[in-house]
Amino acid sequence: FYHREIGNRRSNRCWISGGGGDSAIDLPVQKVVRSQFDRKSLAIVAVTFTGKKHVEIVDAGKSIDSERYINFLKNMEQKFSRHVNSLNWQNLILNHDNARPHTSAVTKSYLDSKNVQLIFQPPYSPDFNFCDRFVFSYLENLRCKTSFSNVFELKKFIGNGIQEISAEQWRHEKEKLICDLKAIKNNGGNYV
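Keep in mind that what you see is a predicted model, and the values were worked out from it rather than measured.

(A) How the structure looks around the side chain of Lys53. Inspection of the secondary structure puts Lys53 in strand E2 (residues 53-57). Buried and without a salt bridge, Lys53 has Glu164 as its closest oppositely charged side chain, separated by 11 Å. One polar contact links Lys53 to Gln163, side chain to side chain, over a distance of 2.7 Å. The contacts of Lys53, once residues within four sequence positions are left out, are Ala46, Val47, Lys79, Phe80, Gly159, Ile162 and Gln163.

Written as C-alpha cells, this is what we have:
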C-alpha cells in the first residue's frame, strides 16, 4: 500500500482539445505517476468469509520469507482462536497464492504438522485468490481517497476497511468465487 494518494485513472482524467481547428489549443497530456521514492508498506492480511481479520505490516525495507510467513500464521491462529466462534487449524481451509514463502518446503512442513487443508491456486490466476480478487481491490478503492503518515494509520485503515464490508458482501463474493471455481472444474481445469 502506498502512503501518498495520487488518484487513479478515473480521478486524473481531463478533457483535452480534439486538435484540428484554429481555436483548438493542443496541450501536452500529463500523466500522474508515482515517484520511485514514494513511501509504501507491505501488509500481510488474513480474512475469513465472515470478516474476521488479522493484519500485520512488514517492517520497512524487509520482505516476506518463509520464517516471517510462518510467524504470521502462528499469530493469526492465536488471534482467531480467541474469537467467540474460534477458528483453529482443524476447521480452517487455507487459500494462499503461489508466492515462494507460501510454497517453500519449510512452510509446507509447518502446515503439514498442523494438518492444514490447503486450496491450491492455479498458476497465473490471481483472480482466484480471495484477497487479491476482492479484499485488496476493495481496500484500494478506499485508499485512493486518503494518505497515511505512518504504518499505524495504514494498519488501522486496513482493519477498518475490512470491518466496513457487510456480511452480504462477504457472502456474495464467496458465492462468485465458488461459481468461478466450479466453472474451471467443469472445463477440465482450464482457465475460463
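(B) Region of the structure containing the pairing of strand E1 (residues 43-47). Burial within E1 is extensive, with 5 of its 5 residues counted as buried. Here E1 runs beside E2; their pairing, made up of 5 bridges, is antiparallel. Along E2, the bridge assignment pairs Ala46 with His54. Between E1 and E2, which follow one another and run antiparallel, lie 5 residues, and Gly51 among them has a positive phi close to 95°.

(C) Broad picture of unusual backbone geometry. Its identity is not glycine, yet Asn115 carries a phi of approximately 55°, on the positive side. Residue placement: Asn115 occurs in the loop between helix H3 (105-113) and strand E4 (117-119).

(D) Seen up close, helix H6 (residues 167-186). The first and last C-alpha atoms of H6 sit 29 Å apart over 20 residues, in line with the 28 Å expected at 1.5 Å per residue. Within H6, burial applies to Trp170, Glu173, Leu177 and Ile184. One face of H6 carries all of its buried residues, which in axial projection span an arc of 75°. Residues of H6 that are exposed and angled more than 90 degrees away from the buried face: Ala167, Lys182 and Asn186. For H6, the elements touching its buried residues are E1, helix H4 (130-143) and helix H5 (151-164). Among the residues trailing H6, Gly188 stands out with phi positive, at a value near 70°.

(E) Main features of the pairing of E2. Taking burial as the measure, the 5 residues of E2 include 5 buried ones, the bulk of the element. Where burial is concerned, the two faces of E2 agree: the one with Lys53, Val55 and Ile57 and the one with His54 and Glu56 are both buried.

Parameters at a glance
Residues numbered from 1 in each chain as written. Predicted model: local features only at pLDDT ≥ 70, side-chain atom pairs only at ≥ 80, totals over all residues. Heavy atoms only, no water. Helix = DSSP H or I, 4+ residues; strand = E, 2+ residues; numbered from the N terminus. Buried < 20%, exposed > 50% of the residue type's maximum accessible area, 1.4 Å probe, protein only. Lys, Arg positive; Asp, Glu negative; His and termini not counted. Salt bridge = Lys/Arg side-chain N within 4 Å of Asp/Glu carboxyl O. Polar contact = N/O pair within 3.5 Å; in protein donor to acceptor, adjacent residues only side chain to side chain. Contact = heavy atoms within 4.5 Å. Pairing = 2+ DSSP bridges. Expected span 1.5 Å × (residues − 1). Arc of directions from axis to C-beta.

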